[in-house]
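What follows is the residue order along each chain.
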Amino acid sequence: MEMVFGLAAVSLAVVFLVYLWRVLNWAWFRPRKLQKCLRQQGLKGNKYKFIFGDLNQVIKSTKEAKSKPMNLSDDISPRVLPFFTDAIQKNGENSFIWLGPNPVVFIKESELIRDVLTKHTVYQKPPSNPLTKLLAQGVASYEEDKWSKHRRIINPAFHMEKLKHMIPAFYLSCIEMLGEWEKKIGNQGLAEVDVWPHLQQLSSDAISRTAFGSNYEEGRKIFELQKEQAEHIIEVSRSIYIPGWRFLPTKRNRRMKEIEKQVQASIRCIIDKRVMAMKAGEGSKDDLLGILLESNFKEIEKQGNRDFGMTTGEVIEECKLFYFAGQETTSVLLVWTMILLSRHQEWQTRAREEVFKLYGKDKPDLDGLNRLKSVTMILNESLRLYPPAVSLARRTKQETKLGDLTLPPGVIILMPVILNHHDEKIWGDDAKEFKPERFSEGVSKATQGQQTFLPFGGGPRICVGLNFAMLEAKLVMAMILQHYSFELSPSYAHAPTTVITLQPQCGAPLLLRKL
């Protein structure tokens, strides 16, 4: 018996030592080794601090930046990425910081960014807090073969031929928003309206209609749950993840899992009804879910094996991703465009004249939307100055040669999109000014073919919903310009901040005047 207890004690001691070594290697030995490797290659950065690295300073500088609005300017990097901006000014573009025990190397050169975004099997998405997976996984988070399969099945849903069938859903959602504005204005003809929550509601309604068609009301309920989930995710992401923490029955953990359960059940119910209808001989519908299911069935039929298609659980995750990415990207693009046009009335007038010339007060159509040159230039310039995602991150899967650097596996590469979008060496002395004319001959001409304009990412993994977001934004802006003129309200406070995407922290109160 004593021998058994002795063996058990030895086994426990071995297990304890193994885990102790893993923790120490993760928190101390590996970061120190990586630090030495990066410094030997000429990269500068702060000295590594046990477990936290620069995280405390990142949180502190972000909190300070968010504590008060900034002057009315488009030079927003110091407020949006305060620690990153300071680190690059202090240590140069060839530098790194520490997010916990992980070194983050800044990459700003166009050719290096192209290399990282093109070689997506070598440079992969960095792992996130496991709790963030409750919001959405889907094609944006997958790698290699699984990513290829999902992207191939999803692509047909975003072909322009399919997207044109979604214009009525965009139109209906926008008409409802304009009706709400008209109620607020009444007979006065002029009123202050915080357009930010209205634009969020519009884009969520549009994604609900385009994703689920006749199941729109159910879709709205799902969106409200996903919106709450995003708020929890933001709070969770502000601290280092402690392994096993997600299993503790904290109030937030319980609520997040409850939301996940409700969302899963709701979407599964919609999918099951749609699959039954398709099996009964009903044709697939022209909403995103219908196109996705049809594409999935065709892939399985073509390969003769269900393993080549998506499972119901994977379709659910893609639907959740539609919700999150589709709503976030379009709403922030629209709000910053309205804020910019409020400040630059000459461009608002020019865009409105273009819209009236094409449509008058009639309903916009696809052909006209494709000919909105000034509106397209304005939207691109808005995306340049206020990109939805202010940075892109990848992680080396193996030891990798990048330019003159040799990066060990596990190093995070950060491409600060907003710093590149505002770089005077790339865009000229007026880089931080609103000048839509820089896109008069298209994006490729404006960037001279370089990877310097990345509002939707780049390379093979460029956002699959790019055309969806731009089509919706063009239609909504055209309709707003048809019905209202707008300017900044005296109560407007300029406070761009990152809440997953780049959002107006203090809202967007504008003075709307009915035309």
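Computed from a predicted model, the values in this text were never measured in an experiment. In this numbering scheme, every chain counts its residues from 1 along its sequence in written order. Given that this is a predicted model, residues contribute local features only at a pLDDT of at least 70 and side-chain atom pairs are listed and counted only at 80 or more, while totals for whole chains, interfaces and linings are drawn from all residues. Hydrogens and water are ignored here; the side-chain numbers use all heavy atoms of the structure.

Re the packing of aromatic side chains
Pairing of aromatic rings covers Phe, Tyr and the six-membered ring of Trp, with a centre-to-centre limit of 6.5 Å; geometry is then stacked below 30 degrees between planes, edge-to-face above 60, and tilted otherwise. The full count for this structure, using the stated rule, is 13 aromatic pairs. Pairing W181 with Y484 gives two aromatic rings, centres 5.6 Å apart and planes at 75 degrees, and the pair type is edge-to-face. Of the two residues, W181 sits in helix α8 (residues 167–185) while Y484 sits in strand β10 (residues 484–488), which places them 303 residues apart along the sequence. Think of it in three bands: residues with accessible area under 20% of the maximum for their type are buried, residues over 50% are exposed, and the middle band is partly exposed, with areas taken using a 1.4 Å probe on protein chains only. You can call W181 buried: its relative accessible area is 0%. Y484 sits in the buried class, given a relative accessible area of 1%. Where W427 meets F439, the ring centres are 6.0 Å apart and the plane angle is 50 degrees; that geometry is what we call tilted. Here W427, found in helix α18 (residues 424–427), pairs with F439, found in the loop between α18 and α19 (443–447); they are 12 residues apart in sequence, far enough to count as distant. For the purposes of this entry, the term helix denotes a DSSP run of H or I that reaches at least four residues, the term strand denotes a run of E that reaches at least two, and both are numbered from the N terminus.

So, the pattern of salt bridges
Every case where a carboxyl oxygen of Asp or Glu lies within 4 Å of a side-chain nitrogen of Lys or Arg is listed as a salt bridge. Here the structure, examined in full by the defined rule, presents 27 salt bridges. In this structure, K320 engages E260 in a salt bridge whose closest nitrogen and oxygen atoms are separated by 2.7 Å. Here E260 lies in helix α11 (residues 251–279) and K320 lies in helix α13 (residues 312–343), a separation of 60 residues in the sequence. Judged by relative accessible area, K320 falls into the buried class, the value being 0%. E260 gets classed as buried once you look at its relative accessible area, which sits at 14%. Residue E317 pairs with K320 through a salt bridge whose shortest N-O separation is 3.2 Å. Here E317 pairs with K320, and both are found in helix α13, just three residues apart, close to one helical turn. On the basis of relative accessible area, E317 is assigned to the buried category, the value being 7%. Among the ionic contacts, a cluster of salt bridges with common partners joins E381, R384, D430, E433, K435 and R438.

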